[in-house]
Each structure stands twice: as structure tokens, then as C-alpha cells.
Amino acid sequence: MIDTVIVQPGTETGEPSVAGVSWPAVAAGAVVSCAVTLVLLAFGAGLGLSVVSPWAGAGVSATTFKIGTGLYLLVIAMIASSLGGYIAGRLRSRWIGVHSDEVYFRDTAHGFVAWAFASVLGAVLLATPATSVLSGAVTGASQGAATAASQAGPMDGYVDTLFRSDAPAAPNATNPQDSRAEMVRLFTGSFRSGGDLKPADRQYVAKVVAARTGLSQADAEKRVNEVVTQAKTDIDAARKAAMQLAFWLTASLLLGAFCASLAATEGGGLRDGTWGRKVRR
């Protein structure tokens, strides 16, 4: 006689019931990372104001300041991301019955997700008026001058140089604002896409400058060439500065992701007592 044994499929799969992602821990780590970043940014703004001086020969050079700013961004990323990742790993729920390799991966993922959450949260905060606290601290000493300068366009300074006259009164200056507005539009439209003044526009600008300042046509053309060269030099310097800042920000973000992931594995290991492959009792 043969007994038939029917095995019913069980519902137990061996997978722990605890979720693989502890979102409260991730959120806590992200908030801590953002808070530390704001504190370090405020401290960095104070350092920047202390090393930059309007007097010649005082303070640091522009190159040193840019390199120091980039290195400080890396320091901010390391400190803030490490603390956020450590908090995310240390506060997560303990996984029972999960292989050690899977635990290591989950801790790394917790740190990376906390870094990503902090990055998105920081980008949202930077797009809100809350950042006026930092910007106001930097420009508070010159608030009155900044308010007056905010009404001017980026090309007004160059146009001022064009129309500077040594004569007490310039001919054909009955309505100087019309000429200024025209020159500002011409300069802005020419340099907006990285171009230059067309030969016809350059000749016309020289004629207007000669009429406004009383200079000869040759001297007016020389002044136009000098101002155009200075404008292109300043625009190129601003472009290079923005490019370098973008590279520093990219490096700091990548370094922050690495530090957050590594710190989360340490925090998770200390949470379980397995850090350094030594089980604590």
C-alpha cells in the first residue's frame, strides 16, 4: 500500500517582513545633511567676506579665492553627506534573517538615497526666498548701492564708458537717454550669443560716440574697440568662472554621494554590531 503525501505550498518564503528601505531614517539623514550644509555655507560666506578686500594688495587674489571656494565645496560635501549617511544607516530598522552582503548593499543604498533626497531638497530650498538669509548677509553692508544698481542692465557700465566726455557739454545731447537705450540694446543683442558687433554696427556706434563726446572719429573708433575688447574679456572671464564652478559642484556632488554611502555602511554596521567584522556582545 502506497501512501500519497500531498505538500501544500506554504506562504513562508523566508523573506523578512521588514521593508528593505527605512524611509524615516532616509528622511532624517537628508534633513541633517541639508541643515549642516546651510550652516557650513553661512560659515563659508563669513570666511569669504573676511578674506576679500576692495583695497589693492589686501586680501587674497581672485584665483586663490576661486580655488579656495571649490575646495570648500568639497569639504562641505564630505562633512554634510557623511553625517547624513551615517544618520540614515544608524537609524534604519534592523533586518533579521538577511544575508550580510544584502545588509551591506541596503546600507549603501540608504546612504545614497539619503544623499539624493538631500540634493533634491537643497535644490528646492535654493529656488525659494529662504536663501535671502544668506544673500542678505553677504550684501547687507551695501544694500543701498545694490538697490540702485539693480535698475541698471549688464551693459550699462560699458555704455557709460563709451559716452564719457571731458567737455562740459557735448553736442547733439538733447536726449541722451535715447542714445543710451539704443546702445544698450545693440550691445546686449550682439554679445548675448557670444558674438561681436558687426562692422556696420561698430561704425554706427563710433559715430554716435563721436557726436555725444566731441571726440574725433578716429578717437571714437579707438574707444569703441577698447570698450568692446573689455566687454568680451569680462564676458569670457564670467563664462570661465561659471564653468569652473559647475565642475566644482559636480565633483562635490559625486564626492558627497560616495561619502554618504560609505558612512551609511558604517552606521548600519554599528547599529547591528557588525562593523569591522567583529560582533559586539
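Residues numbered from 1 in each chain as written. Predicted model: local features only at pLDDT ≥ 70, side-chain atom pairs only at ≥ 80, totals over all residues. Heavy atoms only, no water.

As for the overall build of the protein chain
Piece 1. Scanning the protein chain for helices and strands turns up nine helices and zero strands.
Piece 2. Walking the protein chain from its N terminus toward its C terminus, one meets helices and strands in the order α-α-α-α-α-α-α-α-α.
Piece 3. Pairs at least 24 apart in sequence give 76% of the contacts found in the protein chain among residues at least 6 apart.
Piece 4. Approximately 18000 Å² of the protein chain is accessible, and the part contributed by carbon and sulfur atoms is 64%. (Helix = DSSP H or I, 4+ residues; strand = E, 2+ residues; numbered from the N terminus. Contact = heavy atoms within 4.5 Å. Areas by Shrake-Rupley, 256 points an atom, 1.4 Å probe, with all protein chains shown as cover.)

Regarding the packing of aromatic side chains
Piece 1. In the structure shown here, the tally under the stated rule is one aromatic pair.
Piece 2. Note on Phe 112 and Trp 115: the rings are 5.3 Å apart at their centroids and 40 degrees apart in plane angle, and the pair reads as tilted. With Phe 112 and Trp 115 both in helix α3 (residues 100-126), this residue pair falls three residues apart, about one helical turn.
Piece 3. Phe 112 gets classed as partly exposed once you look at its relative accessible area, which sits at 43%. (Phe/Tyr/Trp six-rings, centres within 6.5 Å; stacked < 30°, edge-to-face > 60°. Buried < 20%, exposed > 50% of the residue type's maximum accessible area, 1.4 Å probe, protein only.)

As for the pattern of salt bridges
Piece 1. Scanning all chains against the criterion turns up seven salt bridges.
Piece 2. Between Glu 102 and Arg 106 there is a salt bridge, and its shortest N-O distance comes to 3.1 Å. Highlighted residues: Glu 102 and Arg 106, both in helix α3, separated by four residues, approximately one helical turn.
Piece 3. A relative accessible area of 32% means that Glu 102 is categorised as partly exposed. (Salt bridge = Lys/Arg side-chain N within 4 Å of Asp/Glu carboxyl O.)

What about the packing of helix α2 (residues 62-90) against α3?
Pairs of packed helices are described in terms of their axes, by the angle between the two and the distance that separates them.
Piece 1. Look at α2 against α3: their axes get within 8 Å of each other, and the N-to-C directions meet at 130 degrees. One element, α2, and the other, α3, form an angle in the oblique class. Two packed elements cross with a definite hand, and for α2 against α3 that hand is right-handed. On α3, the residues that touch Ser 81, Gly 84, Gly 85 and Ala 88 of α2 are His 110, Gly 111, Ala 114 and Trp 115.
Piece 2. In terms of residue class, the contact of α2 with α3 is built from three nonpolar, five polar and no charged. (Axes fitted to C-alpha atoms, helices over the stretch in contact; angles between N-to-C directions. Parallel < 35°, antiparallel > 145°, perpendicular 65-115°, else oblique. Left-handed = near helix turned anticlockwise from the far one by under 90°. Nonpolar A, V, L, I, M, F, W, Y, C, P; charged D, E, K, R; others polar.)

Concerning the environment of Lys 222
Piece 1. Tracing the backbone shows Lys 222 in helix α9 (residues 217-272).
Piece 2. For the pair Lys 222 and Ala 206, spaced 16 residues apart in sequence, the C-alpha to C-alpha distance is 8.5 Å.

Regarding the nonpolar core
Piece 1. Counting 21 residues, the largest nonpolar core has Leu 162, Phe 163, Met 183, Phe 187, Val 205, Val 209 and Val 224 as its most contacted members.
Piece 2. If you list the elements that add at least two residues to this core, you get α6 (156-162), α7 (176-191), α8 (199-213) and α9.
Piece 3. Once you skip the residues sitting within four places of it in the chain, Leu 162 turns out to touch Phe 187, Val 205, Val 209, Thr 213, Arg 223, Val 224 and Val 227. (Core = buried A, V, L, I, M, F, W, Y, C linked by side-chain atoms within 4.5 Å.)

Quick word on the confidence of the model for the protein chain
Piece 1. Per-residue confidence for the protein chain averages 78 on the pLDDT scale, and 71% of its residues sit at or above 70.
Piece 2. Counting contacts from residues 137-150, a segment whose pLDDT is below 50, to residues more than four positions away or on other chains yields three contacts. (pLDDT = per-residue confidence, 0-100.)

Structural notes on a nonpolar patch on the surface
Piece 1. A surface patch of nonpolar side chains, amounting to about 300 Å² of accessible area, comprises Val 75, Met 78, Ile 79 and Leu 83.
Piece 2. Tracing the sequence through the fold places Met 78 in helix α2. (Patch = residues over 30% accessible without salt bridge, like charges linked within 9 Å, V, L, I, M, F, W, Y side chains within 5 Å.)

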